[in-house]
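Spelled out, the chains give:
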Amino acid sequence: WRRSAASRDYLPFEGWDTVARWFGVDSVNVSSSAGDASVPFGTQPAHQPFAAVDGDLRTSWKSSGVGGAVGQWIEVAFRGLTTPTGVTLTLADDGAGTVPSRVAVTTDAGSTEQRVGQGRPQHLSVPDGPTQTLRVTLVETRSPAPGFRFGIAELSVQGIHAARALVTPGTGAAAFLTTADGARR
């Protein structure tokens, strides 16, 4: 849980959570997300981290906007050692005028910075060698200000297909519905 709430304000009980299960990758992590419940400007679930790897250019991950765009990152953790060859990045419009101009691509084998452009798929150079993670960090924008948000419409790694499913809890042999008046059915 990312929120610092003392406890959840809903039932049922532990073990009854719906969780996301990743396929093809171990995880997709970010420095911040406009889809996070703790964003002070109102959560935007459409901009969660998965949106950057879902294969759909109409969706995008966007950083929270807290602290500016420069320094924000997205990281894909692979299921094992992988040597990324074809990595493609498509930047998203952040809706606030941030125009990224340089990113760093970091793996276990090192880091490399390169220029990027808005609105079109572009091949990224990746440090040579096996890695368990690939991180893209915004290093510079075209304006002197650090920008507001960093957005990625798609980050794809050749040979890796990231997918996610929501797994709901099982009900076991019996399930009950408790109504507002406390009756069990």
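The rules behind these values
Residues numbered from 1 in each chain as written. Predicted model: local features only at pLDDT ≥ 70, side-chain atom pairs only at ≥ 80, totals over all residues. Heavy atoms only, no water. Pairing = 2+ DSSP bridges. Helix = DSSP H or I, 4+ residues; strand = E, 2+ residues; numbered from the N terminus. Core = buried A, V, L, I, M, F, W, Y, C linked by side-chain atoms within 4.5 Å. Buried < 20%, exposed > 50% of the residue type's maximum accessible area, 1.4 Å probe, protein only. Contact = heavy atoms within 4.5 Å. Lys, Arg positive; Asp, Glu negative; His and termini not counted. Salt bridge = Lys/Arg side-chain N within 4 Å of Asp/Glu carboxyl O. Axes fitted to C-alpha atoms, helices over the stretch in contact; angles between N-to-C directions. Phe/Tyr/Trp six-rings, centres within 6.5 Å; stacked < 30°, edge-to-face > 60°.

What follows is about the sheet that holds strand 3 (residues 61-62). Read from one edge of the open sheet, four strands run 3-10-5-8, paired in antiparallel fashion. Each having just a single partner strand, strand 3 and strand 8 (122-124) make up the two edges of the open sheet. Here five bridges tie strand 5 (residues 87-91) to strand 10 (residues 151-157), and the two strands are oriented antiparallel to one another. When the sheet's bridge partners are listed, Thr88 is paired in strand 10 with Ser156.

One finds Ile74, Leu124, Leu134, Phe150, Ile152 and Leu155 to be the most contacted residues of the largest nonpolar core, which totals 28 residues. Only strand 2 (27-30), strand 4 (73-82), strand 5, strand 6 (100-107), strand 9 (131-141) and strand 10 provide two or more residues apiece to this core. For Leu124, the contacting residues outside a window of four places in its chain are Val87, Leu89, Val103, Val105, Gln114, Val116 and Val136.

On to the side chain of Glu154, then. When you line up the elements, Glu154 lands in strand 10. Within the buried core, Glu154 has no salt-bridge partner, and the shortest N-O distance to an opposite charge, that of Arg58, equals 9.7 Å. Dropping the residues within four chain positions of it, Glu154 is found in contact with Ala51, Ala52, Val53, Asp54, Gly55, Asp56, Leu57, Thr88, Leu89 and Thr90.

Here the focus is the pattern of salt bridges. Inspection of every chain in the model, using the stated rule, returns four salt bridges. For Arg58, the salt bridge goes to Asp56, with nearest N and O atoms at 3.0 Å. Overall, Asp56 belongs to the partly exposed group, its relative accessible area being 21%. Measuring nitrogen to oxygen at the nearest pair gives 3.1 Å for the salt bridge that ties Glu75 to Arg135. Pair noted here: Glu75 is in strand 4 and Arg135 is in strand 9, with a separation of 60 residues, a long-range link. The buried category is assigned to Glu75, whose relative accessible area is 16%. Relative accessible area serves as the criterion here: at 25%, Arg135 is assigned to the partly exposed category.

Residue position: Asn29 is located in strand 2. Given the relative accessible area of 33%, Asn29 is considered partly exposed. Note: C-alpha distance between Asn29 and Pro49 (20 residues apart in sequence) is 6.8 Å. Asn29 has contacts with Trp73, Ile74 and Glu75, leaving out every residue within four places of it along the chain.

We now examine the sheet that holds strand 7 (residues 110-115). Backbone hydrogen bonds hold the strands of a sheet together, and the pairing may be parallel or antiparallel. Taken together, the five strands give an open sheet; going across it, the order is 2-4-9-6-7, and neighbouring strands pair in antiparallel fashion. Here the strands that pair on one side only, and so sit at the sheet edges, are strand 2 and strand 7. Going from strand to strand, the sheet's axes swing by 20° on average, the running direction of each strand aside. Across seven bridges, strand 6 lies against strand 9 in antiparallel orientation. In the strand pairing of strand 9, Val105 is matched with Val136.

Per the counting criterion, the structure on display carries two aromatic pairs. Taking the centre distance of 5.7 Å and the plane angle of 80° together, the rings of Trp61 and Phe150 count as edge-to-face. Of this pair, Trp61 sits in strand 3 while Phe150 is found in the loop between strand 9 and strand 10, placing the two residues 89 residues apart along the sequence. You can call Trp61 buried: its relative accessible area is 0%.

Treat this as a map of the structure, not an account of what it does.
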